[in-house]
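Chain residues, written in single-letter form:
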Amino acid sequence: MYKYQGPRDLSNLSKFANGGYKDTAGSPVPGEPSLLDEFKKAFSQIFSSIAYYVQNPGKVKENEWGFLAAGLVIGTVFCSFIFMTFTMMGPAPAPKPKTA
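Residues numbered from 1 in each chain as written. Predicted model: local features only at pLDDT ≥ 70, side-chain atom pairs only at ≥ 80, totals over all residues. Heavy atoms only, no water.

Another point: the environment of Gly 66. Its place among the elements puts Gly 66 in helix H3 (residues 62-88). Gly 66 sits 41 residues away from Ala 25 along the chain, and the two C-alpha atoms are 49 Å apart. (Helix = DSSP H or I, 4+ residues; strand = E, 2+ residues; numbered from the N terminus.)

Structure, rendered in structure tokens:
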């Protein structure tokens, strides 16, 4: 990747794109973000939003309270479903021995 730091006009951008980039130092292209990277990014955005609204409670609008409530309900239902699914998927119980 090459970072362009010149003026933002057509002629200069065109020169850079048509070979001027070779005069600058390149850096490696970052790989695709992993699923873990995406989760980290999402949680970071959520927590920064929460921190913002804790510091600025007057900025919360009515529809945002509705989205928060809906998100909590949907999240609770989803997590409950996942929990019940994985707790019910245990090994089959061993058969009881017959007694005479």
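Let us keep going from here.
Turning our eyes to something else, we now look at the packing of aromatic side chains. Under the counting rule described, the total for this entry stands at five aromatic pairs. Between Tyr 2 and Tyr 21 the ring centres are 4.9 Å apart and the planes differ by 55°, which places this aromatic pair in the tilted class. Taken together, the residues span a long stretch of sequence, with Tyr 2 in the segment before helix H1 (10-17) and Tyr 21 in the loop between H1 and helix H2 (35-55) at a distance of 19 residues. Judged by relative accessible area, which is 26%, Tyr 21 ranks as partly exposed. Centroid distance Phe 43 to Phe 47: 6.4 Å. Interplanar angle 25°. Geometry classified as stacked. On the criterion of helical spacing, the pair formed by Phe 43 and Phe 47 is a turn pair, its members being four residues apart in helix H2. Of the residues examined, Phe 43 reaches a relative accessible area of 47% and is grouped as partly exposed. For Phe 47, a relative accessible area of 53% gives the class exposed. Every member of this aromatic cluster is reached through a ring pair, and the members are Tyr 2, Tyr 4, Phe 16 and Tyr 21. (Phe/Tyr/Trp six-rings, centres within 6.5 Å; stacked < 30°, edge-to-face > 60°. Buried < 20%, exposed > 50% of the residue type's maximum accessible area, 1.4 Å probe, protein only.)

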